[in-house]
Amino acid sequence: QVQLVESGGGLVQPGGSLRLSCAASGISFSIDRLGWYRQAPGEQRELVAFITRGDITNYAASVKGRFTISRDTRDTATSTVYLQMDSLKPEDTAVYYCAAKTAWKIQPDYWGQGTQVTVSA
């Protein structure tokens, strides 16, 4: 059973940095990517970044150059996925979710509980 537990959210001033962590366990070989999504109030959930088994990364245009996704794989079933967020803007305020996607699925099928990130002066 895949479990995803996020941590690291909080309140930060514009221009500041935060690092989110996602402890992922129960990762089978059918999981081909781990990623971060976010949802702001009144908005749809959107992809922020993902990283594949081969460490290929992809970013939303709005965060490219400011956010960095990486992972630390401890064994075949356990990974920690990080999202380093720099030069934060008020529009980055959202609940951030860690997600895992099975290879043959189009959308992620496992989600964490979410962590709040608020960028405000």
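All values derive from a computational prediction rather than experimental measurement. (Residues numbered from 1 in each chain as written. Predicted model: local features only at pLDDT ≥ 70, side-chain atom pairs only at ≥ 80, totals over all residues. Heavy atoms only, no water.)

> Give me the lowdown on the pattern of salt bridges, citing residues and values where you can.
According to the stated counting rule, one finds six salt bridges in the structure shown. Between Asp 32 and Lys 101 there is a salt bridge, and its shortest N-O distance comes to 3.4 Å. Here Asp 32 is found in strand β4 (residues 31-39), whereas its partner Lys 101 is found in strand β9 (residues 94-102), with 69 residues between them in sequence. For Lys 101, a relative accessible area of 7% translates into the label buried. Measuring nitrogen to oxygen at the nearest pair gives 2.8 Å for the salt bridge that ties Arg 66 to Asp 92. Of the two residues, Arg 66 sits in the loop between β6 (57-59) and β7 (67-75) while Asp 92 sits in the loop between β8 (78-85) and β9, which places them 26 residues apart along the sequence. A single network of salt bridges, built from pairs that share partners, joins Arg 38, Glu 46, Arg 66 and Asp 92. (Salt bridge = Lys/Arg side-chain N within 4 Å of Asp/Glu carboxyl O. Helix = DSSP H or I, 4+ residues; strand = E, 2+ residues; numbered from the N terminus. Buried < 20%, exposed > 50% of the residue type's maximum accessible area, 1.4 Å probe, protein only.)

> Provide a residue-level description of the packing of aromatic side chains, including the pertinent values.
Within the structure shown, the criterion is met by two aromatic pairs. Considering the side-chain rings of Tyr 37 and Trp 111, the 5.1 Å spacing of their centres and the 70° angle between planes classify their relative orientation as edge-to-face. Remark: Trp 111 occurs in strand β10 (residues 110-111) and Tyr 37 occurs in strand β4; sequence separation between them is 74 residues. Summarising the aromatic geometry, the rings of Tyr 97 and Trp 111 are spaced 6.4 Å apart at their centres and angled 90° between planes, so their arrangement reads as edge-to-face. You can see Tyr 97 sitting in strand β9 and its partner Trp 111 sitting in strand β10, a full 14 residues away along the chain. You can call Tyr 97 buried: its relative accessible area is 14%. The class of Trp 111 is partly exposed, set by a relative accessible area of 35%. Positioned above the aromatic ring of Tyr 97 is the side chain of Arg 45, whose terminal nitrogen or guanidinium carbon lies 3.9 Å from the ring centre. (Phe/Tyr/Trp six-rings, centres within 6.5 Å; stacked < 30°, edge-to-face > 60°. Lys NZ or Arg CZ within 6 Å of the ring centre and 35° of its normal.)

> Account for the pairing of strand β5 (residues 46-52), with residues named and values stated.
Along a regular strand, successive side chains alternate from one face of the sheet to the other. Among the seven residues that make up β5, five are buried, leaving the element largely enclosed by the rest of the structure. Both β4 and β5 contribute to a ladder of six bridges, which runs antiparallel. Among the inter-strand pairings, Trp 36 is bridged to a residue of β5, identified as Ala 49. Hairpin connection, β4 to β5: the antiparallel pair is bridged by six residues, and Gly 42 has positive phi, about 75°. Where β5 folds back on β6, the antiparallel hairpin that results is connected by four residues, among which Asp 55 adopts a positive phi of roughly 65°. (Pairing = 2+ DSSP bridges.)

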